[in-house]
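Per-entry structural report
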Amino acid sequence: MGMTINDILRTKVAGVWEGTYTVLDPSGKQLERFASRQEGCMEGTQWTERVVYLREGQEPYEHFYHATVDGDHVEFHNSTMWGVTSRVGEEAIVFAFGWNERPNERIIEVTRPDGDYRSRVWQHFVDGRLAKLTIIEERRVPGAEPLRWDPAEKKL
């Protein structure tokens, strides 16, 4: 058997990543660009993730995610969002997600980690139509350890 989503997260995605989000409208016009830091950790079947969005002139915004990942089965523990994750071979993960308060919106993310570099692309849909694209390029911070936190203490 090849790699599962758990394996990919544990061996290729876990760690500390710094990168840039570039948001485009469907015609390719840049709407926004900002830095980010993402920390992910797989302990057994428990995936925890902290994302810090660093928009110029704004306070850093943190978002926490928690999921149980058993092989290729992913169950999110977040009351404000939903998500479905699929593996494409051993090199990419497709993540469809949205927020419960905005049921007409969907995001499809494709992630391809490769060593200390990864790219992610989000297709944002509103009412079934492409509204924008987000292109994320990230590099692993060598030797950096993700923060350990208790998801029960954080509002997920």
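Report follows, based on the coordinates. (Residues numbered from 1 in each chain as written. Predicted model: local features only at pLDDT ≥ 70, side-chain atom pairs only at ≥ 80, totals over all residues. Heavy atoms only, no water.)

**Some details on the sheet that holds strand S10 (residues 129-140)**
With respect to topology, ten strands assemble into an open sheet ordered S5-S4-S3-S2-S1-S10-S9-S8-S7-S6, the strand pairing being antiparallel. Strands with a single pairing partner mark the edges of an open sheet, and in this sheet they are strand S5 (73-76) and strand S6 (81-88). On average, each strand axis in the sheet is inclined to that of its neighbour by 25°, with strand direction left out of account. Sheet topology note: the strand S1 (residues 15-24)/strand S2 (residues 30-43) ladder contains ten bridges and is antiparallel. Counterpart to Thr22 in the pairing with S2 is Arg33. Together, S1, S2, strand S3 (46-54), strand S4 (61-70), S5, S6, strand S7 (92-99), strand S8 (105-114), strand S9 (117-126) and S10 form the strand contacts of helix H1 (residues 5-13), whose direction differs from that of S6 by roughly 90°. (Pairing = 2+ DSSP bridges. Helix = DSSP H or I, 4+ residues; strand = E, 2+ residues; numbered from the N terminus. Axes fitted to C-alpha atoms, helices over the stretch in contact; angles between N-to-C directions. Contact = heavy atoms within 4.5 Å.)

**Considering the pairing of S6**
Two elements, S6 and S7, share eight bridges in a ladder whose sense is antiparallel. Each bridged residue has a counterpart across the sheet, and for Val84 the counterpart in S7 is Ala96. Joining the antiparallel neighbours S6 and S7 is a turn of three residues, in which Gly89 adopts a positive phi near 55°.

**What about the nonpolar core?**
Ranked by internal contacts, the top residues of the largest apolar core, which has 13 residues, are Tyr21, Tyr53, Met81, Phe97 and Trp122. Looking at this core, the elements with two or more residues in it are S1, S3 and S7. Looking at which element gives the most residues to this core, the answer is S7, with three residues. Each residue touching Phe97, except ones within four places of it in the same chain, is listed here: Met81, Trp82, Gly83, Arg106, Ile107, Glu109 and Trp122. The next biggest cluster of nonpolar side chains, apart from the first, holds twelve residues, and it includes Met3, Ile8, Met42 and Val69. (Core = buried A, V, L, I, M, F, W, Y, C linked by side-chain atoms within 4.5 Å. Buried < 20%, exposed > 50% of the residue type's maximum accessible area, 1.4 Å probe, protein only.)

Distances and angles like these do not, on their own, reveal function.
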